[in-house]
Amino acid sequence: MAETEHDNAVIVGWENHPFYQNVVHILERAGQTVDLDFNVFERLCRPRRCLYVSVPVRMDDGTIRVFDGFRVHHNTTLGPAKGGIRYHPEVNLAETAALAMLMTLKNSLVRLPLGGGKGGIRCDPGLLSRREKQSLTRRFTSEIFTFIGPDKDIPAPDIGTDQQTMAWVMDTYSSQVGYAVPGVVTGKPIEIGGSLGRVDATGRGVVYTIIEASKRLGMALDQSTTVAVQGFGNVGFHSARLISNIGCKLVAASDVSGGVYSPKGLDIIALQKWIAEHRVLKGYPEGEYVTNEELLELPVDILIPAALGNQITTKNVDKIKCKILAEGANGPTTLEASQILSSRGVFTIPDILANAGGVIVSYFEWVQGMQNFFWSEKDVNNKLWEIIAGAFNRTYEFHSTKKIDMRLSAFAVSVEHLSKAMLWRGFFP
Ligand code: NAD
């Protein structure tokens, strides 16, 4: 089967899926550096359980359309499954399972008492009305009702979903049990139990890890530091906003419609306003148009991929010119490409570290909701910094003492911790 056909199949085995295999391959290589128990590796190569659901929706024109949805629990040794719900036309089972595996490893790396999960619906949210999106979300929640819950599996936003989506999930779940259950999702609006600081937490974490990296590399972060961001959604926008706030210059940004490049610097608020009015970046009057591929190849100091996976591969790695690659997105770089970048001296802050801010503050939201005691935004941001800087330091120490690249180091540090927990609990029977 051709690679593209494979990528587009709804239910594909993860055994042959390129993105899934890439994550397994990284895990295998990282596992070798910490002498990972073979049985632990065998178990981690597969998701614990996967749920497929078909989701019928009455569209605005009166017809019924059936969408394909998934929820995967990859591993729940450390706690309830935790991970986003993605609405995107390319969602499939193998991709969802690979993303769930990344969540397991991310949560273990930052030492949260949470396992890894992920979900998604294969749809184009840009083509759905608000009413259609609400129906889709509520029916999907009903279909996965037995699979989720504050002690079992706690979804959050991802590509194509936001705090409104989470509010619909929470309301549907709560209606079925008969009382409000804020702990069933994170990334909720503040008024129904969301946490201050959650909306920009992933972008904030990306920027905190860039600051930590710059200290280790002795690199200044100021007006001479140029930044390009692929994807101008939640993660991309807040990464761009916060890195500009500390003095760096955003010179390029993109979304699904393409990108814009201006060596003089871009006005982030004007970009946001343009997208709010026109839905996409295309047509933005300042700077020159660049494709998403061209954006990745621009001569910038810091590159932040914050859209989809598999963006930097052996096909374009030779054209990547950044000094720091901070992976806001999940799985934007293949292992081979990552190793080439590392050998060229590009400093990578891998996805499970760079974008962990979202799940860290989701964890804070869950804890606050369970205790009905809410923290200030300053407290949230300070605790986020403490946890993500701790994970950065553990990874960096491993990287510098073992002379292993940052991606394998992050996976190694993570799987070493998880493996101890799995071995304590043991395999049943
Ligand atoms: P989002 O839906 O808010 O934004 C996604 C952005 O990517 C949009 O600007 C969209 O136009 C763009 N995009 C979509 N398809 C594209 C394509 N083919 N080429 C280029 N751009 C494209 O999503 P988000 O929540 O910002 O998530 C972005 C990435 O960050 C994903 O990989 C997600 O898994 C990861 N992530 C998100 C969070 C979070 O808290 N939201 C946490 C950790 C990781």
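In this text the structure is predicted, and so the values were computed from the model without any measurement.

So, about the packing of aromatic side chains. Ring pairs (aromatic) are described by centroid distance and by the angle formed between their planes. Throughout the structure, instances matching the rule amount to 12 aromatic pairs. On the basis of an interplanar angle of 10° and a centroid distance of 6.0 Å, the ring pair of Phe392 and Tyr396 is categorised as stacked. Within this pair, Phe392 and its partner Tyr396 are both found in helix 14 (residues 377-402), separated by 4 residues, close to a single helical turn. Of the two residues, Phe392 and Tyr396, both sit in the buried class. Taken together through their ring pairs, the aromatic side chains of Tyr363, Phe364, Trp366 and Trp375 make up a single cluster. Here the guanidinium or amino end of Lys383 rests over the ring plane of Trp375, the centre of that ring lying 5.0 Å away.

A few words now on the domain arrangement of the protein. In terms of domain boundaries, the protein breaks down into domain 1 (8-192) and domain 2 (201-354). Using C-alpha coordinates to define each centre, domain 1 is positioned 25 Å away from domain 2. With 17 residues of domain 1 at the contact, the number on the domain 2 side is 13 residues. Taken together, the two surfaces of domain 1 and domain 2 that pack against each other cover about 1,300 Å², and 58% of this comes from carbon and sulfur. At the surface where domain 1 touches domain 2, the tally comes to 0 salt bridges. Connecting domain 1 to domain 2 are 3 residue pairs in polar contact (both at pLDDT 80 or more). Looking at the side of domain 1 that touches domain 2, the elements with two or more residues in it are helix 2 (18-33), strand 3 (81-88) and helix 4 (93-109). Each residue belonging to the side of domain 1 that touches domain 2 can be placed in one class, and the counts come to 7 nonpolar, 4 polar and 6 charged.

A few words now on the side chain of Asn330. Tracing the chain through its elements places Asn330 in the loop between strand 11 (324-326) and helix 11 (335-343). The exposure class assigned to Asn330 is buried, which follows from its relative accessible area of 10%. For Asn330, the side chain forms a polar contact with the side chain of Lys106, separated by 3.1 Å. A polar side-chain atom of Asn330 sits 3.1 Å from a polar atom in the side chain of Asn355. Contacts of Asn330, omitting those with residues within four sequence positions, involve Phe19, Leu99, Leu102, Lys106, Lys118, Asp158, Leu308, Gly309, Asp351 and Asn355.

Moving on, we come to the site of the ligand. The environment of the ligand is formed by 23 residues, the closest being Asp158, Gly160, Thr202, Ala307 and Asn330. Interatomic distance of 3.2 Å between a backbone N/O atom of Gly233 and an oxygen atom of the ligand. At the level of elements, strand 3 and helix 8 (234-245) are the ones that each hand at least two residues to the shell around the ligand. Across the shell around the ligand, the residue classes break down as 9 nonpolar, 10 polar and 4 charged. Domain assignment of the residues forming the shell around the ligand places at least three in each of domain 1 (8-192) and domain 2 (201-354).

A word on the nonpolar core. Ile210, Phe232, Leu250, Leu271, Ile302, Ile304 and Ile349 are the most contacted members of the largest nonpolar core, which has 96 residues in total. Taken domain by domain, the makeup of this core includes at least three residues from each of domain 1 (8-192) and domain 2 (201-354). Once you skip the residues sitting within four places of it in the chain, Ile302 turns out to touch Ile210, Met219, Leu221, Thr225, Thr226, Val227, Ala228, Ile243, Cys322 and Ile324. Val57, Phe67, Ile85 and Met166 belong to the second-largest nonpolar core, a separate cluster that totals 22 residues.

A few words now on the side chain of Ser414. Along the chain, Ser414 falls in helix 15 (residues 406-425). You can call Ser414 buried: its relative accessible area is 0%. Filtering out sequence-adjacent residues up to four positions away, Ser414 remains in contact with Leu105, Ser108 and Leu109.

Considering the arrangement of structural elements, one finds Ser174 in helix 6 (residues 163-177). Among the residues examined, Ser174 registers a relative accessible area of 8% and is labelled buried. Along the chain, Ser174 and Ser338 lie 164 residues apart, while their C-alpha atoms are 43 Å from each other.

The next point concerns the sheet that holds strand 3. Either a parallel or an antiparallel arrangement is found when strands of a sheet pair, and the pairing is made through backbone hydrogen bonds. Read across the open sheet, the 5 strands follow the order 1-2-4-3-5; overall the sheet is mixed. Pairing within the sheet leaves two strands with one partner each, and these edge strands are strand 1 (49-58) and strand 5 (153-157). Pairwise comparison of adjacent strand axes, ignoring direction, gives a mean angle of 25° for this sheet. Across 7 bridges, strand 2 (residues 64-75) lies against strand 4 (residues 115-122) in antiparallel orientation. Opposite Phe70, over in strand 4, you have Gly120 as the bridge partner. Strands strand 1, strand 2, strand 3 and strand 4 of the sheet are contacted by helix 5 (residues 130-143), whose axis makes an angle of about 140° with strand 1.

With respect to topology, 7 strands assemble into an open sheet ordered 9-8-7-6-10-11-12, the strand pairing being mixed. Of all the strands in the sheet, just strand 9 (288-290) and strand 12 (347-349) have a single pairing partner and so form its edges. Strand-to-strand, the axes of this sheet are offset by a mean angle of 20°, without reference to chain direction. As paired strands, strand 7 (residues 249-255) and strand 8 (residues 258-261) are joined by 4 bridges and run antiparallel to one another. From the neighbouring strand, Ala252 faces strand 8, where its bridge partner is Tyr261. Against the sheet, helix 8 engages strand 6 (226-230), strand 7 and strand 10 (302-305), with an angle of about 170° to strand 6.

Rules used throughout
Residues numbered from 1 in each chain as written. Predicted model: local features only at pLDDT ≥ 70, side-chain atom pairs only at ≥ 80, totals over all residues. Heavy atoms only, no water. Phe/Tyr/Trp six-rings, centres within 6.5 Å; stacked < 30°, edge-to-face > 60°. Helix = DSSP H or I, 4+ residues; strand = E, 2+ residues; numbered from the N terminus. Buried < 20%, exposed > 50% of the residue type's maximum accessible area, 1.4 Å probe, protein only. Lys NZ or Arg CZ within 6 Å of the ring centre and 35° of its normal. Domains from an automatic or database assignment. Contact = heavy atoms within 4.5 Å. Buried area = accessible area lost by both parts, 1.4 Å probe. Salt bridge = Lys/Arg side-chain N within 4 Å of Asp/Glu carboxyl O. Polar contact = N/O pair within 3.5 Å; in protein donor to acceptor, adjacent residues only side chain to side chain. Nonpolar A, V, L, I, M, F, W, Y, C, P; charged D, E, K, R; others polar. Near = heavy atom within 4 Å. Core = buried A, V, L, I, M, F, W, Y, C linked by side-chain atoms within 4.5 Å. Pairing = 2+ DSSP bridges. Axes fitted to C-alpha atoms, helices over the stretch in contact; angles between N-to-C directions.

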